[in-house]
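Structure at a glance
In case you want the letters, here they are:
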Amino acid sequence: MPEAMGRRILVLATGGTIAGCQAAHGGYLSAQIAGQALLAQTGLGDGSLHIDVEDIAHVGSQDMSQEIWHRLALRIEAAVAAGGVDGIVVSHGTDTMEETAFFLSRVLQLPFHVVLTGAMRPADAADADGPVNLRQAVLLAAQPAAGAGQVLVAFGGEIHAAQWVKKIAASSLRAFASPDAAPLGVFLGDEVYWTPGMTAPVARRYGLPASAEQWPKVGILYAYAGMDSAQVKACLALGWDGWVLAGLGNGNAPHACLAALADAAAQGTLIVRSSRCLTGWVTAAGEVDDQAMGFVSAGRYDALQARILLMLALSGTRGRHAVQAHFSAV
Ligand code: ASP
């Protein structure tokens, strides 16, 4: 990729299976290998790119936390402010990669791309996918951004926008997809082929909450046939700031559960209805009367995104109508 020559890339390693090693129990342990050793497996050490590596965390992404998100976002902001970097790669576990990508896309103003990647196989597996994923992520980050930079996921030979990407497979090497859209592009070897007409949407940005401990508390309730309102009430009794319903179809739930959620909404808890479906929108004009029940509809945001958006919205906004505006915007 000739346009990448001489560009300066910062790799921020956080752990995950990409940094994993096989273990005596027959499985593997994630987050065992430092970022520099991962980079050494990519074949990108010929000096045509200037690549710096920092280890930001050593976790499987099931342990990704608001504190690490905060640290990661501050490190990226500092790199943007200092200059001297043309692109950033974040190596990350796959389990929560889409959440980190969405969060970063909402709090960062970027002059270049931030590209997340990871792996489904540990680094010492015969079919390790980490080296090629990391190589392609670095090459993508080295591409000049046309306009504002984006938060992207490069995985399994595809490029996804933070706004659309989801982990859709628990074991396949092509673990990510953009089910409501399409990949922004694909790799053929080291070359990027952008999908004609596909561009990542420009999203509304939020200030980074002051410290991870001060973020509003928001959880997710996953709906299912026969869901018991006692479970819903037990969660609501925690007194958190908001709940996202990963609802049935168009953000639905059994009547007793909706009634419990409406009671909580009347007392000031923000309730956002999203869908447990893989694609589609949750609209206010469905079977549930949001106006009467005091709910917010998540629009095109899935439950994981809605939880993050609600946390960010609640950092500066109160009230159902003000929060609904955050979900109605792009
Ligand atoms: N549990 C691992 C993680 O998210 C899985 C992976 O990376 O594929 O860190």
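Residues numbered from 1 in each chain as written. Predicted model: local features only at pLDDT ≥ 70, side-chain atom pairs only at ≥ 80, totals over all residues. Heavy atoms only, no water.

Here's the deal with the environment of Asp86
Relative to the helices and strands, Asp86 is located in the loop between helix H2 (66–82) and strand E5 (87–91). Accessibility expressed as a relative area gives 14% for Asp86, which makes it buried. Separated by 36 residues in sequence, Asp86 and His50 have C-alpha atoms that sit 9.8 Å apart. When near neighbours in sequence (up to four residues on either side) are disregarded, Asp86 contacts Arg7, Arg8, Ile9, Phe112 and Ala141. (Helix = DSSP H or I, 4+ residues; strand = E, 2+ residues; numbered from the N terminus. Buried < 20%, exposed > 50% of the residue type's maximum accessible area, 1.4 Å probe, protein only. Contact = heavy atoms within 4.5 Å.)

Details of the site of the ligand
As a matter of local geometry, the ligand sits amid Gly16, Thr17, Tyr28, Gly60, Ser61, Gln62, Gly93, Thr94, Asp95 and Ala119. The side chain of Ser61 places a nitrogen or oxygen atom 2.5 Å from an oxygen atom of the ligand. Thr94 has a polar side-chain atom sitting 2.5 Å from an oxygen atom of the ligand. The fraction of the free accessible surface of the ligand (260 Å²) that becomes covered by protein chains is 93%. (Near = heavy atom within 4 Å. Polar contact = N/O pair within 3.5 Å; in protein donor to acceptor, adjacent residues only side chain to side chain. Areas by Shrake-Rupley, 256 points an atom, 1.4 Å probe, with all protein chains shown as cover.)

Some thoughts on helix H4 (residues 130–141)
Here H4 contains 12 residues, and its C-alpha end-to-end distance of 16 Å stays within 8% of the 16 Å for a straight helix at 1.5 Å per residue. The buried count for H4 comes to 9 of 12 residues, which makes it a mostly enclosed element. (Expected span 1.5 Å × (residues − 1).)

Comments concerning helix H3 (residues 97–107)
Quick reminder: α-helices carry 3.6 residues per turn. Residues three or four places apart thus point the same way. Within H3, 11 of the 11 residues are buried, leaving the element largely enclosed by the surrounding structure. Listing the buried residues of H3 in full gives Met97, Glu98, Glu99, Thr100, Ala101, Phe102, Phe103, Leu104, Ser105, Arg106 and Val107. Here the buried face of H3 lies against H2, strand E6 (114–117), strand E7 (151–155), strand E9 (166–167), strand E10 (176–177) and helix H8 (303–316).

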